[in-house]
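Residue-level structural notes
Take a look at the letters that make up each chain.
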Amino acid sequence: MLLGAIIDAGTPVGNLNDAISSLGVSGVRIVAKQDTRGGVHGTHAIVEGDDSSRRSYRLEDFTRITESSSLPDSVKERSTAIFRRIRKAEQQVHRQTEGEPHLGELGSVDTLVDVVCSVVGLEALGIDRLYCSPLPSGSGVIKTSHGTLPVPAPATSTLLELAHAPVQPPPGNIPDAGEMVTPTGAAIVTTLAAFSQPSLSIEKTGYGLGTRNPDAYPNVLVMRIGWEQEGPHAANLSLLETNIDDSTPEVLAYAQERLFEIGARDVWFTPIQMKKNRPATMLSALVPADLESDAARLILRETSTLGVRVRPVSRYEADRKVINVTTTLGRVSVKTKILDGAMVAVTPEYEDCRKIALDKGLPLQDVIRIVRQEAEEALLSSG
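Read on for a plain summary of the structure. (Residues numbered from 1 in each chain as written. Predicted model: local features only at pLDDT ≥ 70, side-chain atom pairs only at ≥ 80, totals over all residues. Heavy atoms only, no water.)

Looking now at the overall build of the chain. Along the backbone of the chain there are eleven helices and 17 strands. A globule of 383 residues ought to have a C-alpha radius of gyration of about 21 Å, and the chain, at 22 Å, matches this closely. By principal-axis analysis of the C-alpha atoms, the chain measures approximately 70 × 55 × 45 Å. In the chain, which comprises 383 residues, the proportion classed as buried is 41%. Across the chain, every contact between residues at least 6 apart in sequence was considered, and the portion connecting residues at least 24 apart equals 69%. Accessible surface for the chain amounts to roughly 19800 Å². Of this, 50% is attributable to carbon and sulfur atoms. Here the chain holds 39 positive side-chain charges and 48 negative ones, and the gap between their average locations is 2 Å. (Helix = DSSP H or I, 4+ residues; strand = E, 2+ residues; numbered from the N terminus. Rg over C-alpha atoms; globule rule 2.2 N^0.38 Å. Buried < 20%, exposed > 50% of the residue type's maximum accessible area, 1.4 Å probe, protein only. Contact = heavy atoms within 4.5 Å. Areas by Shrake-Rupley, 256 points an atom, 1.4 Å probe, with all protein chains shown as cover. Lys, Arg positive; Asp, Glu negative; His and termini not counted. Charge placed at Lys NZ, Arg CZ, Asp CG, Glu CD.)

Structure follows, in structure tokens:
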């Protein structure tokens, strides 16, 4: 349903199938069909596969396939973060402390496609922040490879618990509504979305249709895309710091990478001196408040430190949006800074500029200058 809403909002289904090709997975494609649920017209997205795609995967397979693909790093990072959340939930459900949990239905290629293509589609739409309303609990039972399970399924319930996600009864308190949130859907939204409802100026709406078509309610996921017009907004963050004098640069760099993977907003190093004038490094990480404990555990596990200082901080943030701009050098993604509803600055994406510089044999700094100048003329002059 999320893929259907993404396609309905304007992402070409061909872009998503190109992403599947980048994963090196054969015999699988997404088909989009226009249909109705109740009185709502929208898009029903179906993941179709031939016999070659019908095999079982492990979560480490999904991670390996994604990380070895040619997809952008941002897609890899967000997708693997979702897979890690699924692993954590499944380990809790199966009372495991280590090792790969048995996935059952989640071990199909559909899970890989749903996760990666959702991330690709959201980025194609230029969505940099995702918000979600309370999720419907569903009701009744479902039959799975693990047996008959209550709704929501244990994996879904655990994912909702990990995110402290709000849940509401099914529409009309239907006694046997069935499954209304799948484990994959729960993993995607609890990893990528905040459960709040900001004031938006709506730009477009996408309707993703479910397979079922009940009479009691329209089985539709609604995606509204718009701009937050509130100017700079305050974000509640946690600042983690620790002084380290006996970890190698390689270990510190790895810890930085892992912190960014779990959702840190920024990670940096500061040269300091510790007792007996030993040169050392202070590691600082700025993370959303709800990731504070995960980040602290990661630092304690991946570095030699014995303790981490934590304090709450706030910062004001301008809005951002990624836009594809056609320039004389080709089509390039640029990040735009938005303040009080107006674009005030643009920054070309490094990877796009690097590719153009290599393909055309131009100096990178010239490519960046040309792209910035043409993007500013196209975007800032028009507001």
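Let us keep going from here.
Turning to unusual backbone geometry, a few remarks are in order. With an omega dihedral of -5°, the bond running from Val151 to Pro152 counts as a cis peptide bond. Of note, Pro152 is situated in the loop between strand 6 (147–150) and helix 6 (154–163).

What follows covers the pairing of strand 1 (residues 28–37). Note that strand 1 and strand 2 (residues 40–49) share ten bridges and pair antiparallel. Bridge assignment links Val31 to a residue of strand 2, and that residue is Ile46. Connecting the antiparallel pair strand 1 and strand 2 is a turn made up of two residues, with Gly38 showing a positive phi of about 65°. (Pairing = 2+ DSSP bridges.)

This part covers the pattern of salt bridges. Here the structure, examined in full by the defined rule, presents 18 salt bridges. Linking Asp61 and Arg64 is a salt bridge whose minimum nitrogen-to-oxygen distance equals 3.5 Å. With Asp61 and Arg64 both in helix 3 (residues 59–67) and three residues apart, the pair spans about one turn of that helix. Residues joined by salt bridges that share partners form a network here, namely Arg55, Arg58, Glu60, Asp61 and Arg64. (Salt bridge = Lys/Arg side-chain N within 4 Å of Asp/Glu carboxyl O.)

So, about the environment of Leu200. Residue position: Leu200 is located in strand 9 (residues 200–209). Relative accessible area serves as the criterion here: at 34%, Leu200 is assigned to the partly exposed category. Separated by 60 residues in sequence, Leu200 and Phe260 have C-alpha atoms that sit 28 Å apart.

A word on the sheet that holds strand 15 (residues 319–327). In spatial order, the strands read 15-16-17; together these three strands make up an open sheet with antiparallel pairing. Every other strand in the sheet has two partners, leaving strand 15 and strand 17 (342–348) as the edge strands with one partner each. Here the strands of the sheet are splayed against their neighbours by 35° on average, with no regard to which way each runs. Here six bridges tie strand 16 (residues 330–339) to strand 17, and the two strands are oriented antiparallel to one another. Pairing of Lys337 across the sheet is with Ala345, part of strand 17. (Axes fitted to C-alpha atoms, helices over the stretch in contact; angles between N-to-C directions.)

Here we come to the side chain of Ser139. Position of Ser139 relative to the elements: it lies in the loop between strand 4 (135–136) and strand 5 (141–144). On the basis of relative accessible area, Ser139 is assigned to the buried category, the value being 12%. Of the polar contacts made by the side chain of Ser139, one reaches the backbone nitrogen of Ala177; its length is 2.7 Å. Aside from chain neighbours lying at most four places away, what touches Ser139 is Val151, Pro170, Ile174, Pro175, Asp176, Ala177 and Gly178. (Polar contact = N/O pair within 3.5 Å; in protein donor to acceptor, adjacent residues only side chain to side chain.)

The next point concerns the pairing of strand 15. Here strand 15 shows one buried face, formed by Asp319, Lys321, Ile323, Val325 and Thr327, and one open face, formed by Arg320, Val322, Asn324 and Thr326. Sheet topology places strand 15 next to strand 16; nine bridges connect them, and they run antiparallel. Bridged to Val325 within strand 16 is Val332.

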